[in-house]
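Remarks on the overall topology
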Amino acid sequence: MPLPMDGPWLDDAAGRLIRPYAVSGGRTRPTAALDLLTLVMSTGSGPQGHLGPEHAHAVGLCRGPTSVAEVAAHLRLPVTVTKVLLSDLVDCGAITARPPHSFDHPTDRFLLEAVLDGLRRQL
């Protein structure tokens, strides 16, 4: 029996019916620089040309800022394959990608000690 919203691509007994390398067309490297924390968001314009159902599902997941890791989890695909799909969507203008904010200042030691103390109390 297929899982909800997965359609014919996933089967409880057989697992994924389409292998991840087939979803990405055998490609293993994205054309856009994406990491797990990169935020992707739909631009509102549809993808130009024919893209697969995973591309359409990814665009739907990106209605608001969503991390690459979240998209991969929802698509149930490896992160590398998800990056290839998302870079296709960036290239055709269907989504935008924004790198995560980097920390230009050193981390506050007091804050780290407070977090560590809180974790110790939980254990």
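Residues numbered from 1 in each chain as written. Predicted model: local features only at pLDDT ≥ 70, side-chain atom pairs only at ≥ 80, totals over all residues. Heavy atoms only, no water.

Things to note about the overall build of the chain
Across its full length, the chain carries 5 helices and 5 strands. When the helices and strands of the chain are listed from N to C terminus, the series reads β-β-α-β-α-β-α-α-β-α. Here the chain holds 123 residues, and 27% of them are scored as buried. (Helix = DSSP H or I, 4+ residues; strand = E, 2+ residues; numbered from the N terminus. Buried < 20%, exposed > 50% of the residue type's maximum accessible area, 1.4 Å probe, protein only.)

A short note on the side chain of S87
Along the chain, S87 turns up in helix α4 (residues 79–91). Among residues more than four places away in sequence, those in contact with S87 are P30, T31, A32 and L34. (Contact = heavy atoms within 4.5 Å.)

Looking at the environment of E54
By secondary structure assignment, the location of E54 is in helix α2 (residues 53–61). Between the C-alpha atoms of E54 and T82, which are 28 residues apart in sequence, the distance is 9.0 Å.

Thoughts on α2
In an α-helix, one turn spans 3.6 residues; hence positions three or four apart end up facing the same way. Taken together, the buried positions of α2 are occupied by E54, H55, A58 and V59. The buried residues of α2 all sit within an arc of 140 degrees when viewed along its axis, so they share a single face. (Arc of directions from axis to C-beta.)

Quick notes on the nonpolar core
Residues V40, A58, V71, L75, L86, L89 and I95 are the most contacted members of the largest nonpolar core, which totals 16 residues. Elements represented by at least two residues in this core include exactly α2, α3 (68–75) and α4. In terms of residue count, α4 provides more of this core than any other element does, 4 residues in total. Setting aside anything within four residues of it in sequence, one finds V71 in contact with V40, A58, L61, C62, T66, T82 and L86. (Core = buried A, V, L, I, M, F, W, Y, C linked by side-chain atoms within 4.5 Å.)

A closer look at the pattern of salt bridges
For the coordinates displayed, the defined rule picks out 1 salt bridge. Notably, a salt bridge pairs R109 with E113, separated by 2.8 Å at the nearest N-O pair. Taken together, the residues R109 and E113, both in helix α5 (residues 109–122) and 4 residues apart, mark about one turn of the helix. E113 gets classed as partly exposed once you look at its relative accessible area, which sits at 37%. (Salt bridge = Lys/Arg side-chain N within 4 Å of Asp/Glu carboxyl O.)

Details of the sheet that holds strand β3 (residues 39–42)
Read from one edge of the open sheet, 3 strands run β4-β3-β5, paired in antiparallel fashion. Of all strands in the sheet, those bounded by a partner on one side alone are β4 (66–67) and β5 (95–98). Strand direction decides the pairing type here: β3 and β5, joined by 4 bridges, are antiparallel. Considered in β5, the bridge of M41 is made with T96. (Pairing = 2+ DSSP bridges.)

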